[in-house]
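Chain by chain, the residues run as shown.
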Amino acid sequence: MLMTGAQYIESLRKLKTRVYMFGEQVENWVDHPIIRPSINCVAMTYELAGDPEYVDLMTAKSNLTGETVNRFSHLHQSTDDLRKKVKMQRLLGQKTASCFQRCVGMDAFNAIYSTTFETDKKYGTEYHKRFVEYLKFVQKNDLTIDGAMTDPKGDRSKSPSAQEDPDMFLRIVEKRADGIVVRGAKTHQTGSINSHEHLVMPTISMTEADKSYAVCFAVPSDADGIFMIYGRQSCDTRKMEEGADVDLGNKQFGGQEALVVFDDVFIPNDRIFLCEEWDFAGMLVERFAGYHRQSYGGCKVGVGDVIIGAAALAADYNGANKASHIKDKLIEMTHLNETLYCCGIACSAEGYPTEAGNYSIDMLLANVCKQNVTRFPYEIVRLAEDIAGGLMVTMPSEKDFKSKVKVGKNGETIGEVCNKYFKGSPIATTEERMRVLRFIENVALGTAAVGYRTESMHGAGSPQAQRIMIARQGNIEAKKELAKNIAGIKK
Ligand code: SF4
Ligand code: FE
């Protein structure tokens, strides 16, 4: 059954997830002002699925049960499904201007579904069957799942088994008849706190020596031994200020990352989807990363749409909208943003069925997509800052704008002074101008910067990870043959 946004939020209250922030345990993390915007953001993935206007993008028919499911828990059955995924992510980016977090689970489902099929084929294991049962449970209960990949990694020059501290990569520490015990951590886990469960995957290709690190499993967020330490974001404590509104830029929505620690956690057999088959770790990593690199051609484009809109509004409110260089900058921002979208759509349109039957994206194009995402949002934000003007970082606080303290010779208040001197074009109030500038500040430097700028760089793999895949898929040898043919080189 599909949940509403409110039902999703209520469902989180039943979890006993252990969350720590600023050195202390957060008991009521659902209502914590720093965490709540990220919960609201995931709630939108539920809310829009119930909106008749978006039902085609937001839901799909499950190939496992025939039931209507949220697209975030769907296995892509066609290139049309892959394109709709990207469009859904653009839509959510437009509605939240944030990272709505639920994609990591969707990308994990699709990667694990096909990888378990191929693992079973080689080893005669039963991971695929187990995973299908697990996914039916997820779809039926409309759960949010954190796809957990990134390990702390310790000394980057060393493999998992060669690390001085063996916990730098999550590993199996004990094998029992009824399951395994795992230890380690996953870092900067998007949406980990407000996910019902976690789907843990290895983070790199492995050799036989690393086999105890080749593990994939599902586990509830509040399982015994799991705890999370919240990642702070710049300007996050603004959310703790009394009556905070304008200064937050994006009051309602936000992203979320945390360190998730697995302190000897028991995983029962029916939730294990890879266990020491080290030669499939690389396949799982590449497939998950491929899907998530496609995702960025949707979500970041949606956020980009809001930033372009905000920059255009800032120009209007400054009275600068008729200047030709402003128009040209908005064109450039649009060009860059739509180029990212082209990549997201292209890698989807060129998708193909896996052996298991769900659809993969085109790997080369998905990696090109993400490589562009490591660059273009920076330029888009640079242009937004250019258009906004320096006031976005020098403006007094909203408390000043509202202050009744008298400071002028004629009894003017701080609020009156601020409202007088920060007024722009008559088409907007000073508060409206503040709101749009604070939004741009939030995306460029504040709590949303993690979701738009730095996440564009490192999320779904840092730029070099894509370049390795581009090198592998780029087929330079075939291109040399093309050149030889045309140039008349016979050998
Ligand atoms: Fe989804 Fe984008 Fe956030 Fe990844 S970065 S979880 S694709 S919104
Ligand atoms: Fe991400």
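Just above sits the structure.
Cut-offs and rules
Residues numbered from 1 in each chain as written. Chains lettered and ligands numbered in written order. Predicted model: local features only at pLDDT ≥ 70, side-chain atom pairs only at ≥ 80, totals over all residues. Heavy atoms only, no water. Helix = DSSP H or I, 4+ residues; strand = E, 2+ residues; numbered from the N terminus. Buried < 20%, exposed > 50% of the residue type's maximum accessible area, 1.4 Å probe, protein only. Contact = heavy atoms within 4.5 Å. Areas by Shrake-Rupley, 256 points an atom, 1.4 Å probe, with all protein chains shown as cover. Donors = N, O, S within 2.8 Å, 3.2 Å for Na, K, Ca; no water. Pairing = 2+ DSSP bridges. Axes fitted to C-alpha atoms, helices over the stretch in contact; angles between N-to-C directions. 1 Å grid on protein atoms, 1.4 Å probe; cavity = no way out; pocket = protein on both sides within 12 Å on 5 of 7 lines; lining within 4 Å. Points joined across faces, edges and corners; volume = space filled by probe spheres on them. Nonpolar A, V, L, I, M, F, W, Y, C, P; charged D, E, K, R; others polar. Domains from an automatic or database assignment. Phe/Tyr/Trp six-rings, centres within 6.5 Å; stacked < 30°, edge-to-face > 60°. Lys NZ or Arg CZ within 6 Å of the ring centre and 35° of its normal. Near = heavy atom within 4 Å. Salt bridge = Lys/Arg side-chain N within 4 Å of Asp/Glu carboxyl O.

J.: How would you sum up the overall build of the chain? Please name residues and give values.
T.: Secondary structure assignment for the chain yields 17 helices and 14 strands. Its C-alpha atoms put the chain at 85 × 70 × 50 Å along the principal axes. With 491 residues in all, the chain has 55% of them scored as buried. Sequence-distant contacts, at least 24 apart, represent 76% of the contacts inside the chain between residues at least 6 apart. Of the roughly 20700 Å² that the chain leaves accessible, carbon and sulfur atoms contribute 54%.

J.: Account for the coordination of the iron ion (ligand 2), with residues named and values stated.
T.: Of the protein atoms, only Y296 (OH) and E455 (OE) coordinate the iron ion (ligand 2), at distances of 2.3 to 2.7 Å. Linking Y296 in helix α7 (residues 281-318) with E455 in helix α15 (residues 449-458), this pair joins segments that are 159 residues apart in sequence. The pair formed by Y296 and E455 is uniform in burial state, with each residue classed as buried.

J.: So what's going on with the sheet that holds strand β12 (residues 272-275)? Residues and values would help.
T.: Across the sheet, four strands lie side by side as β5-β8-β9-β12; this open sheet has mixed pairing. The sheet is open, and its two borders are formed by β5 (145-148) and β12, each paired with just one other strand. Direction aside, the axes of adjacent strands within the sheet are offset by 20° on average. Relative to β12, strand β9 (residues 215-220) is paired through three bridges, and the arrangement is antiparallel. Paired with C216 across the bridge in β12 is L274. Set on the sheet, helix α5 (residues 103-123) makes contact with β5, β8 (197-200), β9 and β12; between it and β5 the angle comes to about 60°.

J.: Lay out empty space enclosed by the protein with the relevant residues and their values.
T.: Throughout the structure, instances matching the rule amount to three cavities of 30 Å³ or more. Size it by volume and the largest cavity reaches roughly 80 Å³. If you go around the largest cavity, the residues you meet are C235, R238, K239, D247, L248, N250, R438, E441, N442, G446 and T447. In terms of residue class, the lining of the largest cavity is made up of two nonpolar, four polar and five charged. Counting only domains with at least three residues in the lining of the largest cavity, you end up with domain 1 (5-285) and domain 2 (293-480). Looking at the second largest cavity, its volume works out to about 70 Å³. What lines the second largest cavity is simply A97, S98, C99, Q233, G254, G255, V303, T447, A448, V450, G451 and Y452. For the lining of the second largest cavity, the element with the highest residue contribution is α15, accounting for three residues.

J.: Describe the packing of aromatic side chains, with residues and values.
T.: The final tally for this structure, using the stated rule, is eleven aromatic pairs. Each ring, one from F169 and one from Y213, has its centre 6.4 Å from the other, and the planes form 90°; the classification is edge-to-face. Linking F169 in the loop between β5 and β6 (171-176) with Y213 in the loop between β8 and β9, this pair joins segments that are 44 residues apart in sequence. When the ring centre of Y46 is taken as origin, the NZ or CZ atom of R102, which lies over that ring, is 4.1 Å away. The lysine or arginine in question, K300, covers the ring of Y296, its NZ or CZ lying 4.7 Å from the ring centre.

J.: Kindly report on the site of ligand 1, identifying the contributing residues and their values.
T.: Near ligand 1, the surroundings consist of C99, F100, Q101, C103, H292, S295, Y296, C299, K300 and E455. For the shell around ligand 1, the class distribution of residues is five nonpolar, three polar and two charged. Each of domain 1 (5-285) and domain 2 (293-480) contributes no fewer than three residues to the shell around ligand 1.

J.: Describe the pattern of salt bridges, naming the residues involved and giving the relevant values.
T.: Enumeration over the complete set of coordinates arrives at 35 salt bridges. Between R102 and D142 there is a salt bridge, and its shortest N-O distance comes to 2.9 Å. Taken together, the positions of R102 in the loop between α4 (79-96) and α5 and D142 in the loop between α6 (127-141) and β5 put the pair 40 residues apart, joining distant regions of the chain. Two residues, D247 and R438, come together in a salt bridge whose shortest N-O distance is 3.2 Å. Placement of D247 in the loop between β10 (226-230) and β11 (257-268) and of R438 in helix α14 (residues 430-444) is noted, with a sequence separation of 191 residues between them. Three or more residues joined by partner-sharing salt bridges are found here, namely E10, R13, D31 and R36.

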